[in-house]
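Overview (structure and organization)
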Amino acid sequence: MVKELLAPAGDIEAGYAALYYGADAVYLGLQKFSARATAVNFDEPNLNAFVGYAHSLTPKRKVYAAINTLVQEAELADLMQSLDICARCHVDGVIIQDLGVAKIVRDYYPDLELHASTQMAVHNKEGALALKKFGFKRVVLARELSAAEIAEITAIPDLETEAFIHGALCYSYSGLCLFSSMETGRSANRGKCLYPCRACFKGEEGDKHYFSMKDMALEKDVLHMPAYSLKIEGRKKSALYVAAVTDYYRRILDGKGADKNRAENIKQIFSRPWCAFHFNEHTKNVVDRDFVGHRGLAIGKIAKVQKKSFIFTPNHLIARHDGLQIDVAGEEKPFGFSLQKLRVNGQNVFEAKAGQVVEVGLPPKSPELKVGDVVYLASASSVKGAYPYIKPKFAEVLQKRVINVQMVVENNLLSACCDGISVVIDGEFSVAQNPDKFFEAARAAFDKTGDTPFALGEFVLDNPDNLFVPVSKLNDLRRKLYAELPETVYVARKLPVLQSRIKTSPKWLIKTDKLETVSLINLDDVAEVIFMISSTVKPEMLLSIPQEKLRLALPTVCRKTKIYESLIRELFGLGYHKWEVGNYWPLPLLSSLGADISFDNSLYALNSYAVATAAELGASRVTLSFEDTLDNLSSLIGQSSLPVVLPLYSDVPLFTSAVCIRAGDCKNCTHGEKWISLSKEGVSYQALSRDCQIFMFDKRAFAFVADEAKQLEPDFYRVDFMYKHYSAEQAAELWCKIKNFEPLADVMPGNLVRGRI
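Source: prediction; values computed, not measured. (Residues numbered from 1 in each chain as written. Predicted model: local features only at pLDDT ≥ 70, side-chain atom pairs only at ≥ 80, totals over all residues. Heavy atoms only, no water.)

A few points about the overall build of the protein
Filter applied, for reference: Counting from the N terminus, the helices are the DSSP runs of H or I reaching at least four residues and the strands are the DSSP runs of E reaching at least two. Burial classes follow relative accessibility: with a 1.4 Å probe on protein chains only, a residue under 20% of its type's maximum area counts as buried, one over 50% as exposed, and anything between as partly exposed. When checking whether two residues touch, look at their non-hydrogen atoms; a contact exists if any pair is within 4.5 Å. To be clear on the numbers: accessible area is Shrake-Rupley with a 1.4 Å probe, and residue cover counts the displayed protein chains and nothing else.
Helix and strand counts for the protein come out as 20 helices and 41 strands. Across its three principal directions, the C-alpha atoms of the protein cover 100 × 85 × 45 Å. The burial tally for the protein puts 56% of its 757 residues in the buried class. Counting contacts in the protein only where the partners sit at least 6 residues apart, residues at least 24 apart contribute 71% of the total. Summing over all exposed atoms, the protein offers an accessible surface of approximately 31500 Å²; the carbon and sulfur share of this is 50%.

Notes on the sheet that holds strand 25 (residues 421-426)
Rules: Pairs of strands are assigned from DSSP output, requiring at least two bridges between the strands. Each axis is a line fitted through C-alpha atoms, taken for helices only over the stretch in contact, and angles between the N-to-C directions span 0 to 180 degrees.
Reading across from one edge, 25-24-23-27 is the order of the four strands in this open sheet, with mixed pairing throughout. What marks the edges here is a single partner per strand, and that holds for strand 25 and strand 27 (454-462). Ignoring which end each strand starts from, the neighbouring axes of this sheet average 20° apart. Both strand 23 (residues 401-409) and strand 27 contribute to a ladder of seven bridges, which runs parallel. Looking at the pairing, Arg-401 lines up with Phe-454 of strand 27. Seen against the sheet, helix 12 (residues 435-446) touches strand 23, strand 24 (413-418) and strand 27 and runs at an angle of roughly 150° to strand 27. Along the sheet face, helix 13 (residues 471-484) touches strand 23, strand 24, strand 25 and strand 27 and points at about 150° away from the line of strand 25.

What about the sheet that holds strand 18 (residues 342-344)?
Read across the sheet, eight strands follow the order 17-16-22-13-14-21-18-19 without closing on themselves; strand pairing throughout is antiparallel. Two strands lie at the open edges of the sheet, namely strand 17 (335-338) and strand 19 (347-348), each paired on one side alone. Direction of pairing for strand 18 relative to strand 21 (residues 358-361): antiparallel, over a ladder of three bridges. Within the sheet, the bridge partner assigned to Leu-342 lies in strand 21 and is Val-360. Here helix 9 (residues 260-269) sits on the sheet and contacts strand 13 (297-305) and strand 22 (374-379); the angle it forms with strand 22, its principal contact strand, is near 85°.

Remarks on unusual backbone geometry
Geometrically, the link from Thr-58 to Pro-59 is a cis peptide bond, its omega value of -5° lying close to zero. With respect to the element layout, Pro-59 can be found in the loop between helix 2 (44-56) and strand 3 (62-67). A positive phi angle is found at Glu-219, which is not glycine, with a value near 50°. Note on placement: Glu-219 falls in the loop between strand 10 (215-217) and strand 11 (229-232). Judged by relative accessible area, Glu-219 falls into the partly exposed class, the value being 26%. The phi torsion at Phe-277 lies on the positive side, around 50°, for a residue other than glycine. On the secondary structure map, Phe-277 appears in the loop between strand 12 (274-275) and strand 13. For Phe-277, a relative accessible area of 2% translates into the label buried.

A closer look at the environment of Pro-363
Considering the arrangement of structural elements, one finds Pro-363 in the loop between strand 21 and strand 22. The spacing of Pro-363 and Ala-663 is 300 residues in sequence and 38 Å in space, taken between C-alpha atoms. Excluding its chain neighbours within four sequence positions, the residues that come into contact with Pro-363 are Phe-335 and Phe-337.

Comments concerning the environment of Leu-624
In this fold, Leu-624 is placed in the loop between strand 34 (619-623) and helix 17 (630-639). Linking Leu-624 and Lys-560, residues 64 residues apart in sequence, is a C-alpha distance of 27 Å. Among all residues touching Leu-624, those that are not within four sequence positions of it are Asn-601, Ala-605, Leu-633, Leu-636, Ile-637, Val-644, Val-645, Leu-646 and Pro-647.

Points about the pairing of strand 7 (residues 160-167)
Selection rule: Look down the strands so they point away from you; if the path from the first strand over the helix to the second goes clockwise, the crossover is right-handed.
For strand 7, the tally of buried residues reaches eight of eight residues, placing the bulk of the element in the interior. Pairing of strand 6 (residues 138-140) with strand 7, which is carried by three bridges, proceeds in the parallel orientation. Pairing of Val-140 across the sheet is with Glu-162, part of strand 7. A crossover connection joins strand 6 to the parallel strand 7 through helix 6 (residues 147-154); in handedness this β-α-β unit is right-handed.

Things to note about the pairing of strand 1 (residues 4-9)
Side chains on a regular strand alternate between the two faces of the sheet. Among the six residues in strand 1, six count as buried, and that is most of the element. Neither face of strand 1 is left uncovered, since the one carrying Glu-4, Leu-6 and Pro-8 and the one carrying Leu-5, Ala-7 and Ala-9 both have all their residues buried. One ladder, built from three bridges, connects strand 1 with strand 11; its direction is parallel. Its bridge partner lying in strand 11, Leu-5 is registered against Leu-230. For strand 1 and strand 2 (residues 25-29), the ladder comprises four bridges, and the chain directions are parallel. Its bridge partner being in strand 2, Ala-9 is matched across the sheet by Leu-28. With respect to chirality, the unit in which strand 1 leads through helix 1 (residues 12-20) into the neighbouring parallel strand 2 is right-handed.

If you want it as structure tokens, here you go:
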């Protein structure tokens, strides 16, 4: 199968570089709704020109637009403008996270291909099948998957898979991280992540960067990647970086091998330490606990430290003005400086070759260095000029707007009209000797669009008296009309307001992963107990709760779906027909069984169209997001077409990860539950390691117990006793306070107070 090499473009220069160095396709973001909100991104003129250029190449290259953030209700009008831009510029596909955006694209922009963002956390075949059924042409797979898992999903007929091969990694499954949002109000699901995971935490192994991931670099293993589209991460990287990485993988895919020098170039431009993540095997060697940020290419170790310099033998050419970095014990970031003083054999030199013993001058106030410290080449002048690229003239690649013109000729008046805009000029016109030739002349005049952003489509001539108009007048009329026309026309397409549900008085739900926790709570006050099951649950464990009051919840991440498929069928056969899901993977089976399905908060619903999509996928109700704002919650509760659940209390997982935090090797691990205490800047956290998954929690629970919550009046309020250990007495006491909307001490309100995400 011919593979697609997919490169990133944070701006048009990076896009041109990607195409020049062999990308088959480029993905990019617009000014709004991009998961890389701080990148330059593309406005409409740049997108128009770039798509026009990509499509003009032979073979034709593709362009995908990332509309991959969650959208709040008040933003739907802006969303339509962004999608309109994508349609006008003829992008080849849109990458989407939000279920509501997916429905709008499918229903109103059928020519735009739907690609499921990695933010949708598609991590198994069942989840991919659910999205295929909805209308997705492609799924961007979770980075955590192995080659075998990717191959299983890729085998689905008529569904393209896209997988990352190079670039930055997140500690969490993408889309399942609320860390930045809950702690700072800057949501990763909204493209604003502040990367708190890369900070230094105090933990059982000291001060470490427990969650700071290395970069993915499959290198020659890319040849064994089963996915159709091979994706390079980096929409916030420079054109130079994009050129170097695209060139490196283009050569590998074309059979020229993994060139060592080109790999070294990439590391000099930007690179954390490289790893293959879990592509070949599940390994812990994917986190850089000691340092963060760009390191560079390791070129040697310090052999001698002097007062104002150090001596080492580089294994790579170095020159004055190159950037060097050195790992310094006790510092979280490497010490970096511009190389200004370089000596070989006691002589000042401009450059030194690999293998020469060199003396490097240190800048003032340098930290204490030690023999054995690793020296990195973090930037090199030689590399900065190593990737030139050709770009077209902007005006030559603009895709022109097709316009239809009507011209009317009267005795002393000449007019032209397009898109409701009319222009008029005076004149005295005689009878045409050849009316047919005059029509051709008039059309030819308006077909001279030149440097304008227009291309003539239909031309209608209304000339009842068969009059003749000189070409000079026709040209004057054309110029006047084209000067009045806007470059683009946005039809303010209004989304219909969806029919809302019939509201009922709020009922109460409890969610737990330990049924004994709720043993002292009067279940007469509870509409349902939602119980998170594990793969080892037995039917007899469920008997403490009346079956009609019990809803069974499935884990959001499931890498062993066969076990759960058997369990679901068994429990459904015993009468347990109510289920809750936090990912797409259970939908095909539960829908086929006719189950009553509730969507948990990780199937995000921040707008009424996301709720409508949930209904289309079989949901009977949705759970609102922990990270949403008060204004949007209020709006959504009023306009939702399905019953909504409002969580009032929960130990919110700040992230869900497949990267183990435990000390020691995997071989001797018991895989049982282990809690690890962490802290950062006075804030206490707890990490739960269980069954090869890591969940991170703020020590404080999320709580929305206030008059505003009471006034919102959703269909259900929910109280969670999940993950952490609550005694039955603690749970009962909290339940009573929350049910009476009594204030709780030492809790976090998330974004309800900040009012932004």
